[in-house]
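# Tertiary structure, described
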Amino acid sequence: MPIDATQPYDDNNIFARILRGELPSKTVYDDEFALAFHDINPQAPLHILVIPKGAYVSWDDFSARASDAEIAGFVRAVGQVARDAGLVAPGYRLLANTGLDSHQEVPHLHVHIFAGQKLGPMLAI
Ligand code: AMP
């Protein structure tokens, strides 16, 4: 079910539980501001999710409420994860679904990193 990006933060969403260590993840990066792990249902040969450590529902919530340090830390982490995975030369795609029309399913901000093949057209509607 897609989520409404205006909803309040749900402390029991799957990614909040991963951050608390209650659920496992195949972690590839962890710092003060961000955690990155492999998507459980990959849509490309490499499909990594990067999430902020703070409690933010969506890109909208994060961009409105997060501190400058959190935003800088998160954006730098996304770049670092892609760099660490050797994706700069071959290229990669970032995606942040936000709310109903985008079909965001997990109500904790996550940026998808897709890579490992030619990624085709930007949108398939
Ligand atoms: P979105 O539709 O943008 O909200 O994407 C949610 C993503 O989270 C999907 O690609 C799911 O496959 C992924 N996902 C859901 N549960 C887990 C989990 N426990 N570990 C890793 N990825 C997950």
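All values derive from a computational prediction rather than experimental measurement.

### Considering the overall build of the protein chain
Helix and strand content of the protein chain: 3 helices and 5 strands. Start at the N end of the protein chain and walk to the C end: the helices and strands fall as α-β-β-β-α-α-β-β. For 125 residues, the compact-globule formula gives about 14 Å, and the C-alpha radius of gyration of the protein chain, at 14 Å, lands near that figure. Its C-alpha atoms give the protein chain principal-axis dimensions of roughly 35 × 35 × 30 Å.

### What about the site of the ligand?
Asp-39, Asn-97, Glu-105, His-110 and His-112 are the nearest of the 17 residues found near the ligand. With respect to the ligand, the backbone of Ile-40 contributes an N or O atom lying 3.1 Å from a nitrogen atom. One of the side-chain nitrogen or oxygen atoms of His-110 is found 2.8 Å away from an oxygen atom of the ligand. Expressed as a share of its isolated accessible area of 510 Å², the protein-covered part of the ligand is 84%. Of all the elements in the fold, those that place two or more residues in the shell around the ligand are α1 (14-19), β2 (34-38) and β3 (46-52). For the shell around the ligand, the leading source of residues is α1, giving 3 residues.

Cut-offs applied
Residues numbered from 1 in each chain as written. Predicted model: local features only at pLDDT ≥ 70, side-chain atom pairs only at ≥ 80, totals over all residues. Heavy atoms only, no water. Helix = DSSP H or I, 4+ residues; strand = E, 2+ residues; numbered from the N terminus. Rg over C-alpha atoms; globule rule 2.2 N^0.38 Å. Near = heavy atom within 4 Å. Polar contact = N/O pair within 3.5 Å; in protein donor to acceptor, adjacent residues only side chain to side chain. Areas by Shrake-Rupley, 256 points an atom, 1.4 Å probe, with all protein chains shown as cover.

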